[in-house]
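# Descriptive analysis of the structure
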Amino acid sequence: MSSRPRPTAGVPALDIRNLTVEYGQPGEPPMAAVLDASLTIMPGEIHALVGESGAGKTTVGNALMGLLQAPGRITAGGITIGGKAVDTRTGRTEGITPGLDVGAIFQDPMTSLNPLFTIESQLCETMRHHLKLSRAAAQARALELMRAVGIPEPERRLKCYPHQLSGGQRQRVVIAAALSCDPQLIVADEPTTALDVSVQAQILKLIRALADERGVGVLLVTHNMGVVAQVADTVTIMLKGRVVESGPVAQVLGAPRHPYARSLIGAVPRIDVRMNRLQAPSEATPAADAAREIVRKQMTADTAAAGGALEVENLVVEYGGRSWLPGRSAKAFRAVDGVSFTVQPGEIFGLVGESGCGKTTVANAIAGLATPKDGAIRLSGREIGARGKHGRALQMVFQDPYSALNPRLRVSTALSEPIAFYKLAATRAEAAEDAAVLLEAVGLDRSAGERFPHAFSGGQRQRIAIARALGPRPRFMVCDEPTSSLDVSVQAQILNLLKDLRDLTGLSMLFISHDLAVVRQMCDRIAVMQAGKIVELADAETLFRAPQHAYTRELLSLAPSLDSIARAPAPAHGA
Amino acid sequence: MSAPSIEAAPVLAEAPAPAPRKRRRMRIPASVIGGAVVVLVIGLAAALAPWIAPHNPLDVGSFDLLNAEMPPAFMAEGDSRFWLGTDNQGRDLFSAMLYGARVSIAIGGGAVLVAATVGVILGLLAGYLGGWVDALIMRVGDVILSLPTILLALLVSGVARAVFPEAGTAQWAPVILIGAIAIHEWVQYARTVRAATMVESSKDYVRAARVMGLPSIRIMARHILPNVLSPVIVIATINLAAAVLTEATLSFLGVGMPPTYPSLGTLIRIGNEFVFSGIWWIATFPAALLVVLVLGVNIVGDWLRDWFNPKRQAR
Amino acid sequence: MLAALASRLAQALLVMLAVTAIAFVMFRYVGDPVAMMSREDASPAEKAELRKTLGLDRPVLVQYGEFVGRVATGDLGVSFRNQRPVADLLGERLPATLELVIVATILSLSIGVPIGVLCALNPEGKAARLVQTVSLIGISMPTFVTGIALILVFAVILRWLPSFGRGDVVLVGGWTTGFLTKSGWASLVLPSITLALYQLTLIMRLVRAEMIDVLSSDYIRFARARGLPARYINFHLALRNALMPVVTVTGLQIGSLIAFAIVTETVFQWPGMGLLFIQAVSFADVPVMAAYLLFVGFLFVVINMAVDLIYTIIDPRLRTRRA
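Cut-offs applied
Residues numbered from 1 in each chain as written. Chains lettered and ligands numbered in written order. Predicted model: local features only at pLDDT ≥ 70, side-chain atom pairs only at ≥ 80, totals over all residues. Heavy atoms only, no water. UniProt positions renumbered as here; feature names shortened; annotations may be inferred. Salt bridge = Lys/Arg side-chain N within 4 Å of Asp/Glu carboxyl O. Helix = DSSP H or I, 4+ residues; strand = E, 2+ residues; numbered from the N terminus. Buried < 20%, exposed > 50% of the residue type's maximum accessible area, 1.4 Å probe, protein only. Contact = heavy atoms within 4.5 Å. Buried area = accessible area lost by both parts, 1.4 Å probe. Polar contact = N/O pair within 3.5 Å; in protein donor to acceptor, adjacent residues only side chain to side chain. Nonpolar A, V, L, I, M, F, W, Y, C, P; charged D, E, K, R; others polar. Patch = residues over 30% accessible without salt bridge, like charges linked within 9 Å, V, L, I, M, F, W, Y side chains within 5 Å. Areas by Shrake-Rupley, 256 points an atom, 1.4 Å probe, with all protein chains shown as cover. Pairing = 2+ DSSP bridges. Axes fitted to C-alpha atoms, helices over the stretch in contact; angles between N-to-C directions. Left-handed = near helix turned anticlockwise from the far one by under 90°. Phe/Tyr/Trp six-rings, centres within 6.5 Å; stacked < 30°, edge-to-face > 60°. Expected span 1.5 Å × (residues − 1). Parallel < 35°, antiparallel > 145°, perpendicular 65-115°, else oblique. Domains from an automatic or database assignment.

Named according to an unreviewed UniProt entry, chain C is ABC transporter permease originating from Alsobacter metallidurans. Turning to chain C, the UniProt annotation filed under Subcellular location (unreviewed entry) states: "Cell membrane". Looking at the Sequence similarities (unreviewed entry) heading of the UniProt record, one finds this comment for chain C: "Belongs to the binding-protein-dependent transport system permease family."

The name an unreviewed UniProt entry gives chain A is ABC transporter ATP-binding protein, with Alsobacter metallidurans as the organism. Per UniProt, chain A carries the Sequence similarities (unreviewed entry) text "Belongs to the ABC transporter superfamily." In its Subcellular location (unreviewed entry) section, UniProt records this for chain A: "Cell inner membrane".

A few words on the pattern of salt bridges. All names here are of chain A. If you walk through the whole model with that rule in mind, you get 38 salt bridges over all chains. In this structure, R473 engages D434 in a salt bridge whose closest nitrogen and oxygen atoms are separated by 3.5 Å. Note that R473 is positioned in the loop between α15 (458-470) and β17 (476-480) and D434 in helix α14 (residues 428-441), a separation of 39 residues in sequence. For the residue pair R473 and D434, the accessibility class agrees, reading buried in each case. Of the charged contacts in the structure, one is a salt bridge between R502 and D503, with a shortest N-O distance of 3.0 Å. The network of salt bridges with shared partners includes R274, R502, D503 and D524.

Between chain C and chain A, the contact holds 27 residues from the first and 35 residues from the second. Carbon and sulfur atoms make up 59% of the surface buried where chain C meets chain A, a total of about 2900 Å² over both sides. The interface formed by chain C and chain A holds one salt bridge in total. Where E125 of chain A meets R226 of chain C, a salt bridge forms, and the shortest distance between an N and an O atom there is 3.3 Å. Where chain C packs against chain A, one counts 11 residue pairs in polar contact (both at pLDDT 80 or more). If you list the elements that add at least two residues to the side of chain C that touches chain A, you get α1 (2-29), α9 (218-225), α10 (230-268) and α13 (316-319) of chain C. Residue composition of the side of chain C that touches chain A, by class: 12 nonpolar, five polar and 10 charged.

Here the focus is a nonpolar patch on the surface. Residue and element names in this part refer to chain B. Side chains of I28, I33, V37 and V41 sit close together on the surface and give an oily, nonpolar patch of about 330 Å² of accessible area. Summarising the element assignment, I28 is placed in the segment before α1 (30-47). Taking the relative accessible area as the measure of exposure, I28 reaches 35% and is therefore partly exposed.

Moving on: the sheet that holds strand β1 (residues 14-23) of chain A. Residue and element names in this part refer to chain A. A sheet is described by the order of its strands in space; here four strands give the open sequence β2-β1-β4-β5, paired in antiparallel fashion. Each edge of the open sheet is held by one strand with a lone partner, namely β2 (31-41) and β5 (84-86). Along the sheet, successive strands turn relative to each other by an average axial angle of 10°, direction set aside. As defined by bridge partners, β1 adjoins strand β4 (residues 73-81) across seven bridges and the pair is classed as antiparallel. For D15, the partnering residue across the bridge sits in β4 and is T80. Along the sheet face, helix α1 (residues 57-65) touches β1, β2 and β4 and points at about 110° away from the line of β1.

Another aspect to go through is the environment of G34 of chain B. Residue and element names in this part refer to chain B. Among the structural elements, G34 can be located in helix α1. The class of G34 is partly exposed, set by a relative accessible area of 32%. A C-alpha to C-alpha distance of 41 Å links G34 and R139, two positions 105 residues apart in sequence.

In this section: α9 of chain C. When α9 of chain C is considered as a whole, its buried residues turn out to be Y219, I220, F222, A223 and A225 of chain C. Along its buried surface, α9 of chain C packs onto α1, β6 (102-105), α2 (109-112) and α6 (167-179) of chain A together with α8 (182-215) and α10 of chain C. One or two positions beyond α9 of chain C, positive phi appears at G227 of chain C, with a value near 75°.

Residue and element names in this part refer to chain B. Two numbers describe how helix α3 (residues 93-129) lies on helix α6 (residues 173-201): the axes approach to 5 Å, and their chain directions differ by 35°. Of the two elements, α3 crosses α6, and the hand of that crossing is right-handed. Looking at the contact of α3 with α6 residue by residue, the classes come out as 22 nonpolar, six polar and two charged.

Applying the stated criterion across every chain yields a total of nine aromatic pairs over all chains. Ring geometry for F252 of chain B and F144 of chain C: centres 4.3 Å apart, planes at 15°, overall stacked. With F252 of chain B in helix α8 (residues 216-252) and F144 of chain C in helix α7 (residues 143-157), the pair connects residues from two separate chains. Here F252 of chain B and F144 of chain C have matching classes, each one buried. Of the aromatic side chains, those joined through ring pairs into one cluster are F24, Y64 and F67 of chain C.

Moving on, we come to unusual backbone geometry. Residues and elements named next belong to chain A. Here the phi dihedral of K132 falls at roughly 55°; this positive angle occurs in a residue that is not glycine. Its location among the elements puts K132 in the loop between α3 (119-130) and α4 (135-148). Of the residues examined, K132 reaches a relative accessible area of 63% and is grouped as exposed. Look at D182: it is not a glycine, yet its phi comes out positive at around 55°.

For the rest of this paragraph, the subject is helix α4 (residues 60-72) of chain C. End to end, α4 of chain C covers 18 Å across 13 residues, agreeing with the expected 18 Å (1.5 Å per residue, within 8%). In the stretch just after α4 of chain C, G74 of chain C is the one whose phi turns positive, near 90°.

One way to put it is that helix α10 (residues 281-308) of chain B packs onto helix α6 (residues 126-140) of chain C with a least axis distance of 9 Å and a crossing angle of 130°. Here α6 of chain C runs oblique to α10 of chain B, going by the angle between their axes. Remark: the crossing between α10 of chain B and α6 of chain C carries right-handed chirality. Between α10 of chain B, through V291, V294, L295, N298, I299 and D302 of chain B, and α6 of chain C, the contact on the second element is made entirely by Q132, L136, I137, I139 and S140 of chain C. Along the lines of polarity and charge, the residues of the contact of α10 of chain B with α6 of chain C split into seven nonpolar, three polar and one charged.

Once that is clear, we can look at the domain arrangement of chain A. Residues and elements named next belong to chain A. According to the domain assignment, chain A contains domain 1 (11-101 + 215-271 + 560-575) and domain 2 (286-321 + 330-558). When each unit is reduced to the centre of its C-alpha atoms, the spacing between domain 1 and domain 2 is 35 Å. Buried area between domain 1 and domain 2, summed over both chains or domains, comes out near 1000 Å², and the portion from carbon and sulfur atoms is 56%. A per-residue breakdown of the area domain 1 buries against domain 2 is headed by E52, P269 and I271, which together make up 52% of the total. The tally of links from domain 1 across to domain 2 stands at zero salt bridges. At the surface where domain 1 touches domain 2, the tally comes to three residue pairs in polar contact (both at pLDDT 80 or more).

Now the structure itself:
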């Protein structure tokens, strides 16, 4: 494959010196999204840029790709790409040619490619424009690129449209496009976040191989510490626009020096060993303790007699299959295919698997949000009807805290609604008081009830959602990926909260997640699902120490984790 | 699977997601304030027509043919009693316009009210219940939308006149007109509300309410309805303009309000016959009032649409 | 894809059935045909005889079936007003309306699309804001007001253009066209502008909104991140995405143009189908009304099928299945 001459060894692929990017309309005080940040990437190096939401990592990526949006501008600092200095005096990156000097990989491969043009045309247009290749030369090179990124049957796939390829294949095409003009640097903004764990592992492997073989420097923007440990050479941790720590991955993740870096890395759930609690600041306050005691009394007084065991027997759920118009596809898709398990009172039962394996459908069926085609679901020995109503005995916590709360209802109103509906409080005032106690029990101030959901962060909203689920005093709680859209430090707090609530009230839980490390920290027993079926069901420790099924072993081997990095020795096994 | 339908195009691509929305500082453009003021002034003047109009344009007995086709007061041959002149029967044009605006706004507003109520309820049911309820409502809507508004309205009033001779009278014409306009317009509300309801129904707060065991009616009324209303407000505003125009068009074509109880459209119809003979004011003044009124409503509606557009807020 | 086409066909059939049902109900129950067709002083016995000869005493479904059969063979009945076959009346008027609608469509597309695109490229610019404002005035002007204003200025005051009729027409193979004479073209100017104006603003606003949406999409950001030139991104890539919904809307617009032609034809005394229809409405001439309704319904169905067909050609997501 033809290649432009590489700069002499020792010249960094990217050198950022004291970069500051500010947002703000003229006349308003500017807000610095990136402040005085510096980092260096050598050719062939994968440099991870990590941080929680709002850290400024995406802004750095956008500045390099020439995608800084209008009110944002570079106000200080210098950028050098492959020894070529970039003029930042205009507030933008003059002199870098996106595509030629910097290749870009976006997060969502489903939307990065134009649906109306063939793969070939989208690969060729970049090369024809930057490298002035003839049509035939560009097509030949596109074919080489498709082979290089490991797409099977590249000749045929070139003539395809994006919708004809799977998500993983599309991301490979995006990578091929990024490589097409042989840039010095590739900026990959969360390149695997939208992908399943097995596809993620393949894409990371590909990026690693391309960095090694072609000597291209990669800036890998991510929030996932496991990905960093798995693929990066060096890492920079950002907090509120500033660089707090930077260095080789083993050093930074293994022995972080900065307190924020320590807490961030400590909050990452471990897959190798179970801890009693995740590392997060304690939330015990006198008000919270008093509130939790009230909640404990209310819940135990109510649930003690009724148990809370869940039995799922040979559950089958199908989608589609009914048709209202002639010609519509009438073929049913069997999302859940004969699933059986039981959850003991007070147990946290984990359900793991990749997207599309049917785990969320199981949760929906149990919660009455999907109608089973066959099978039985019994809660505390009582079978649920065809419409799947458990009344107040079963409640659910959802994945997206931003859509989990009705934006038009005050928090207090939202919380007291089910309490009043099930007549658990005599008056509206008492229901509101119960709601306030619940807010304190989940670690919020009781005054939070006065406000609307938009006033809260994602973690706070998830606390509110948990409080709302506790309102009807359930015996069973279904948690569907309750932390997968939260930052890692917030995730640790929410997971601890859920554990505390279980210990406090003896509630049983069905905990659904795609993240094996989270499941290991949370669950007592775990079922692994694949294509609508449970392939393995075991005690948590047994499953992680001695997985029996090949699929479980594969999932475990692919899960990005910090294992490869020597960490400070874990405290004694808990739980 | 199939081509996007028209609903997806001009008005609202999707329901506004009431995502983490920080209250933006209210900066209402001057044109929008101007539009709102114009609409308010015309609306107020129309509402108060019986008290502020110098003459009673509905009392045919008071007309004097000697005053017919009098030019506006500011012209040489004008009469100070008739500020904007008179029509072919000697009716004071200014008074007739006040009463006409009153009729036009009442019919337009009535049609919007009927269409929005019916459309929102059917849209909620279709979106939340799905299944055959949804299929039935949407197929009926498809058939109705296959006929352009104006044609359907003409048919309804034409058929009404053929069946029911009273349909053209001042008493019944407004009812027929409201029905004729609303029968087409409800579909737009139903489609938008249905789409928004489907989006909201899949959101976790609605699913949580279902898991809690709350009754469907309560979930629809208390949880979904408030969250799907913002596009309805936008459509209602833009539709008010469209409904006023449709009413005017029907009256202009002679199947709307009768000349004894004229709307703005009827006045323009009367005036149209005299344009060639140089008597320009009978058509021009009501037309100008109509356009200014509709423009004011459209300016406000346009701004509301931008205001509620989630994509714009994200940027 | 075949399934999708079958579903569209079924829907088209449903629309046609519904429209024929409405037309049938109008025919059968609106304005008693016996009263319309018999003499003033006909006796009850004579009326019953006529009822029988017309077949009105048979079950409704049988009558409906016969009605559909007659419509399918082009027999649309006889006008109450001038006792001529409705099909002939429509046929005579069809060319006038179609020529008007075609010219108006071309006008609104050829002006609306470019302006919409240019406004989307710099939506906050002065020119774009001005166009937005002017377009608001455009959608606030009722068609008949536009028509009257144009007549007042260009026909009454300036006396440049005729204010009514089609001018001289030429008969070409059963089709009367105004495209071949100077007066035909002159007569077409004001009506076609009147008809096009409202559609033009709609199309312009739609193209602008679509284009703005597409320009903020991920795949256009990705194209920018690959350093492709702005002209190429705007006019080669984004425009194609933005024009997809315009195809649908243009199809529907043609349907509504025909309806709006009713108003334009009234203002300009244009001898098309709209004028025929509006006269039928005021005379309660039910067969003509029903036939016009059938015609518009049929046209809508045909246009929709055509739009679907075009879609399967231009949208690769419909054209090809997963590899």
